Amino acid sequence: MSSTSSTFPAPQPASPHTTDAARERLRERQSRERRFRWYGLFAIFLGMAFVSTLFIDIASKGYTAFAQTYMQLEVTLDADVLEVGPSPGRDALARANYDGVVKRAARALFPEITGRREQRQVTDLVSPGAGFLLREMVMNDPSLVGRTITVWVPADDDVDMVVKGHIDRNLPESERRVKDGQLTLIDRLRERGIIEQRFNTTLFTAGDSREPELAGIWGAVVGSFYTLTVTLALSFPIGIAAAVYLEEYAPKNRWTDLIEVNINNLAAVPSIVFGLLGLAVFINFFGLPRSAPLVGGLVLTLMTLPTIIIASRAALKSVPPSIREAALGMGASRMQMVLHHVLPLAMPGMLTGTIIGMAQALGETAPLLMIGMVAFIVDIPGGPLDAATALPVQIYLWADSPERAFVERTSAAIMVLLAFLIAMNALAVILRRRFERRW
Amino acid sequence: MHSETAEATSETRTPGLQVKAAGADAPRRTPDERGFAGTVGDVEVDNPRIRTRDVNVWYGDKHAIKDVSLDVGANEVISMIGPSGCGKSTYLRCLNRMNETIDGCRVTGTILLDGDDVYDKRLDVVQLRARVGMVFQKPNPFPKSIYDNVAYGPRIHGLVRTRAETDEVVERSLERAGLWGEVRDRLDEPGTGLSGGQQQRLCIARAIAVDPEVILMDEPCSALDPIATARIEELIDDLRAKYTIAIVTHSMQQAARVSQRTAYFHLGDLVEVGNTNQIFTNPRHKLTEDYITGRFG
């Protein structure tokens, strides 16, 4: 060690990099470096905190919506109460008074209650949907008429809220939606074990409803599906054709510059403006039906196109020019070059851009409001020309509803929407991972 | 761009070929500050495959090559040398109209391939590039299998119909490119998985699979190690029996090893052309001499 060090002359004190001032400068530089890294970490931490707060908040508010309170009723399907004859036809059965038998069955739960007001409190515990449920059962099996059956029917949303603990019993009665009398009734039903929470299948199978316990997102999901199908069918081929032309064919001149600037501008146009455009052009000028997923899809196509074009052009740009030269040098025509070599290589990037554009379109609300997809629609749409609503619009509608039970359903619908969005973005990531960079 | 080219050249194009009294020793004009006064040496050969006269190329405002006249003889290897930016690659790319893919590029003059005007509007560039193949500086196999790389050209030009025919063309081309033995068992593997030298030989196999008349090579060995380079050079020598080869190279040793004729370019001018031996042992122009003796470049 000493022998080797003796062969080196001691460092010259004159070197500007070994003085104390230099060491000080180095320390300062290193601490600046550290601080810079900390800023980035802090930003990421902040972002993660916001996202997790959002997710936790939505999940904690919304998870209760996946359960719904049901109550057991002994229903006597008396032909007299149903107001049907001795051997009723299907029409008569369809129009029968099921609410009457439900009310009777409810009153039978508390035979000791006789006052009209008090009896009203009892019958209000059952959802108005109970009658529909019975109707469906009887229509499927007319022999039920005249028999007494035990059924579980959805409880009213107020009961649901009490059971889930969303209604504060300590509030004065006047500020509470559920009166003291009903609270006692609910407690007595719970003691008897004929009220319980079950998985809320209605939420996933029904359309919208004024009654929270009967409302579901299926109508909105189907509406969103039709809308996105139209959007995808239009924006994917148009976007890719535009990107291929601009990237592979168009000469670079003032016109193409102008087009490029305008595509970028289009991406920045507020979505509600596209809604107005859709209203003016597709509905008023072309006379397409209002509230239809077809029009929604057309409007969202306008919105998604710039995203897809920009992403596709970036994907085309990332294909090395040497591949194009190789193809052209072999005597491939431009179309052969694009179809055989460039497009297959750019496709993962294009698909990623398309999926991200679709995810954007799925979450878009404002333009759909303008074209009437905000209507209250109970039926599940049967095609792209039926009146429909979309998932984000459904969230908007429910968030606007006064019933306490819609709060948790709003959050539940948001969770479903987020699940779709996360699934789509995950698909984009997987596509990118699997197919990108093969040269 | 293309139509502009055709218009601009239509006046200079006449039926038959006017050969200027180029070459010889008579300078065509007064020497410029470099001492350049027209090409020195014989631009003409007896059995030309490609004949170019007064070719000018502009990239926008930049005059990339100026009045270049040169013949490429059948079954010869001609190398083009010169310092960077001298226009040798540009000249090469005129021969199969690859310059057209560059925006703002304009070509005037006459380029004949076996008497056919290369820049004639009626001549399909697809057919031209099948007749004049090209190998690029960086090996650029398609990201497909080795087999598909070679089969691509014959397929798009409709030269093969059945799988058996394709198999035969692929084997023959790889054989000629000296690659068959190395890849015969893994034709389905991606061409991009080969080593650099193998990739370049694959590109050569791909080029000769369509049976071109001329092969243009743009610095084919600049990305390769000396051993791979030697293999490619051997290959070029073998290919000469069947094809005409024009090669651009930065290595004067390579030019000396593989070519029969050499053309020296300087700042867009074709300064001197002649037998490779004569160029490297007894250059007639001062600029050529300065370059090959290493005074610049």
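So, how was this worked out
Residues numbered from 1 in each chain as written. Chains lettered and ligands numbered in written order. Predicted model: local features only at pLDDT ≥ 70, side-chain atom pairs only at ≥ 80, totals over all residues. Helix = DSSP H or I, 4+ residues; strand = E, 2+ residues; numbered from the N terminus. Buried ≥ 20, exposed ≤ 12 C-beta atoms within 10 Å, placed from the backbone. Rg over C-alpha atoms; globule rule 2.2 N^0.38 Å. Contact = placed C-beta atoms within 7 Å. Expected span 1.5 Å × (residues − 1). Axes fitted to C-alpha atoms, helices over the stretch in contact; angles between N-to-C directions. Parallel < 35°, antiparallel > 145°, perpendicular 65-115°, else oblique. Left-handed = near helix turned anticlockwise from the far one by under 90°. Nonpolar A, V, L, I, M, F, W, Y, C, P; charged D, E, K, R; others polar. Core = buried A, V, L, I, M, F, W, Y, C linked by C-beta atoms within 7 Å. Pairing = 2+ DSSP bridges. Right-handed = clockwise from strand over helix to strand, strands pointing away. pLDDT = per-residue confidence, 0-100.

**Brief notes about the overall build of chain B**
Link 1 in the chain: The helix and strand inventory of chain B stands at 11 helices and 10 strands.
Link 2 in the chain: Each of the 297 residues in chain B was classed as buried or not, and the buried ones make up 48%.

**So, the overall build of chain A**
Link 1 in the chain: Regarding its fold elements, chain A presents 19 helices and three strands.
Link 2 in the chain: A compact globule built from 439 residues should have a C-alpha radius of gyration of about 22 Å, whereas chain A, at 33 Å, is more than 25% larger.
Link 3 in the chain: Out of the 439 residues belonging to chain A, those deemed buried represent 36%.
Link 4 in the chain: In chain A, once contacts between residues fewer than 6 apart in sequence are set aside, the share between residues at least 24 apart is 76%.

**A word on helix H7 (residues 196-208) of chain B**
Residue and element names in this part refer to chain B.
Link 1 in the chain: For H7, which comprises 13 residues, the first-to-last C-alpha distance of 19 Å matches the rise-based estimate of 18 Å (1.5 Å per residue) to within 8%.
Link 2 in the chain: Most of H7 sits out of view: 12 of its 13 residues are buried.
Link 3 in the chain: For H7, every residue scored as buried is listed here: Gly197, Gln198, Gln199, Gln200, Arg201, Leu202, Cys203, Ile204, Ala205, Arg206, Ala207 and Ile208.
Link 4 in the chain: Where H7 is buried, its residues contact strand S6 (132-135), helix H4 (146-156), helix H5 (163-176), helix H6 (180-183), strand S7 (214-218) and helix H8 (226-239).

**A look at the packing of helix H2 (residues 20-62) of chain A against helix H19 (residues 404-435) of chain A**
Residues and elements named next belong to chain A.
Link 1 in the chain: Contact pair H2 / H19: the axes reach a minimum separation of 7 Å and the direction vectors enclose 125°. By the angle between their axes, H2 is oblique relative to H19. When you trace H2 past H19, the crossing you get is left-handed. Contacts from Ile58, Ala59, Lys61 and Gly62 in H2 reach Val407, Glu408, Ser411, Ala412, Ile414 and Met415 in H19.
Link 2 in the chain: In the contact of H2 with H19, the residues fall into six nonpolar, two polar and two charged.

**Focus: the interface of chain A and chain B**
Link 1 in the chain: Across the boundary between the two partners, chain A contributes 17 residues, which contact 19 residues of chain B.
Link 2 in the chain: Residue assignment for the side of chain A that touches chain B shows that the elements contributing at least two residues are helix H15 (321-329) and helix H16 (334-362) of chain A.
Link 3 in the chain: If one sorts the elements of the side of chain A that touches chain B by residue count, H15 of chain A sits on top with six residues.
Link 4 in the chain: Class assignment for the residues of the side of chain A that touches chain B results in eight nonpolar, six polar and three charged.

**Quick word on helix H5 (residues 98-109) of chain A**
All names here are of chain A.
Link 1 in the chain: Taking 1.5 Å of rise per residue, 12 residues should cover 16 Å, and H5 covers 17 Å from first to last C-alpha, within 8% of that figure.
Link 2 in the chain: If you check which residues of H5 are buried, you get Tyr98, Val101, Val102, Lys103, Ala105, Ala106 and Leu109.
Link 3 in the chain: Along its buried surface, H5 packs onto strand S1 (67-76), helix H3 (79-82), helix H6 (116-123) and helix H7 (129-140).

**Structural notes on the nonpolar core**
Link 1 in the chain: By size, the foremost hydrophobic cluster in this structure holds 176 residues, and its most contacted members are Met71 and Val102 of chain A together with Ala205, Ile215, Leu216, Ile245 and Ala246 of chain B.
Link 2 in the chain: With 13 residues, the top contributor of residues to this core is helix H14 (residues 293-317) of chain A.
Link 3 in the chain: In contact with Ile215 of chain B, other than residues within four places in its own chain, are Gly133, Val135, Ala207, Ile208, Leu239, Tyr243 and Ile245 of chain B.

**A few points about the sheet that holds strand S8 (residues 244-248) of chain B**
All names here are of chain B.
Link 1 in the chain: Reading across from one edge, S6-S7-S8-S3-S9-S10 is the order of the six strands in this open sheet, with mixed pairing throughout. For this open sheet the edge positions go to S6 and strand S10 (269-275), each flanked by a neighbour on one side alone. Across the sheet, the axes of successive neighbouring strands diverge by a mean angle of 20°, strand direction being ignored.
Link 2 in the chain: Pairing of strand S3 (residues 77-81) with S8, which is carried by four bridges, proceeds in the parallel orientation. Of the residues in S8, the one forming a bridge with Ile78 is Ala246.
Link 3 in the chain: Across the sheet, H7 is in contact with S6 and S7; its angle to S6 comes to roughly 170°.

**Considerations on unusual backbone geometry**
Phi is mostly negative for residues that are not glycine, and the peptide bonds are mostly trans.
Link 1 in the chain: Located in the positive-phi region is Glu83 of chain A, a residue other than glycine, with phi close to 60°.
Link 2 in the chain: The backbone of Asp54 of chain B shows a phi angle near 50°, a positive value even though the residue is not glycine.
Link 3 in the chain: What makes Asp54 of chain B partly exposed here is the crowd of 16 C-beta atoms within 10 Å.

**Looking at the sheet that holds strand S2 (residues 62-73) of chain B**
Residue and element names in this part refer to chain B.
Link 1 in the chain: Taken in spatial order, the four strands line up as S2-S1-S4-S5 in an open sheet, and their pairing is antiparallel. Two strands in the sheet have a free side with no partner beyond their single neighbour: S2 and strand S5 (116-117).
Link 2 in the chain: Sheet analysis places strand S4 (residues 105-113) next to S5, joined by two bridges and oriented antiparallel. Residue pairing for S5: Leu113 is matched across the bridge by Asp116.

**Focus: the environment of Leu328 of chain A**
Link 1 in the chain: Looking at the element boundaries, Leu328 of chain A is found in helix H15.
Link 2 in the chain: For the pair Leu328 of chain A and Gly165 of chain A, spaced 163 residues apart in the sequence, the C-alpha separation amounts to 72 Å.

**Thoughts on the environment of Thr229 of chain A**
Residues and elements named next belong to chain A.
Link 1 in the chain: For Thr229, the location among the structural elements is in helix H11 (residues 218-249).
Link 2 in the chain: Thr229 sits in the partly exposed class, given 14 other C-beta atoms within 10 Å.
Link 3 in the chain: Along the sequence, Thr229 and Pro293 sit 64 residues apart, while their C-alpha atoms lie 9.1 Å from each other.

**So, the pairing of S7 of chain B**
Residue and element names in this part refer to chain B.
Link 1 in the chain: For S7, the tally of buried residues reaches five of five residues, placing the bulk of the element in the interior.
Link 2 in the chain: Relative to S7, S6 is paired through four bridges, and the arrangement is parallel. Residue pairing for S7: Val132 is matched across the bridge by Val214.
Link 3 in the chain: Pairing of S7 with S8 involves five bridges; the strand directions are parallel. Bridge pairing in S8 places Asp218 opposite Val248.
Link 4 in the chain: In this view, the connection linking S7 to its parallel neighbour S8 by way of H8 has right-handed handedness.

**Some points on the packing of H11 of chain A against H14 of chain A**
Residue and element names in this part refer to chain A.
Link 1 in the chain: Between H11 and H14, the shortest axis-to-axis distance is 6 Å and the interhelical angle comes to 35°. When you trace H11 past H14, the crossing you get is right-handed.
Link 2 in the chain: A breakdown of the residues in the contact of H11 with H14 according to their chemical character gives 18 nonpolar, 10 polar and four charged.

**Structural notes on the environment of Arg95 of chain A**
Link 1 in the chain: Considering the arrangement of structural elements, one finds Arg95 of chain A in helix H4 (residues 90-95).
Link 2 in the chain: Put simply, Arg95 of chain A and Arg432 of chain A are 337 residues apart on the chain and 57 Å apart in space, counted from C-alpha to C-alpha.

**Concerning the confidence of the model for chain B**
Residues and elements named next belong to chain B.
Link 1 in the chain: When pLDDT is averaged along chain B, the result is 86, and 90% of the positions lie at 70 or above.
Link 2 in the chain: The secondary structure element of chain B with the lowest average pLDDT is helix H1 (residues 2-10), at 42, and the one with the highest is S8, at 95.
Link 3 in the chain: Contacts for the low-pLDDT stretch residues 1-27, under 50 throughout, to residues beyond four places or in other chains number 34 contacts.
Link 4 in the chain: Complex prediction metrics read pTM 0.82 and ipTM 0.83.

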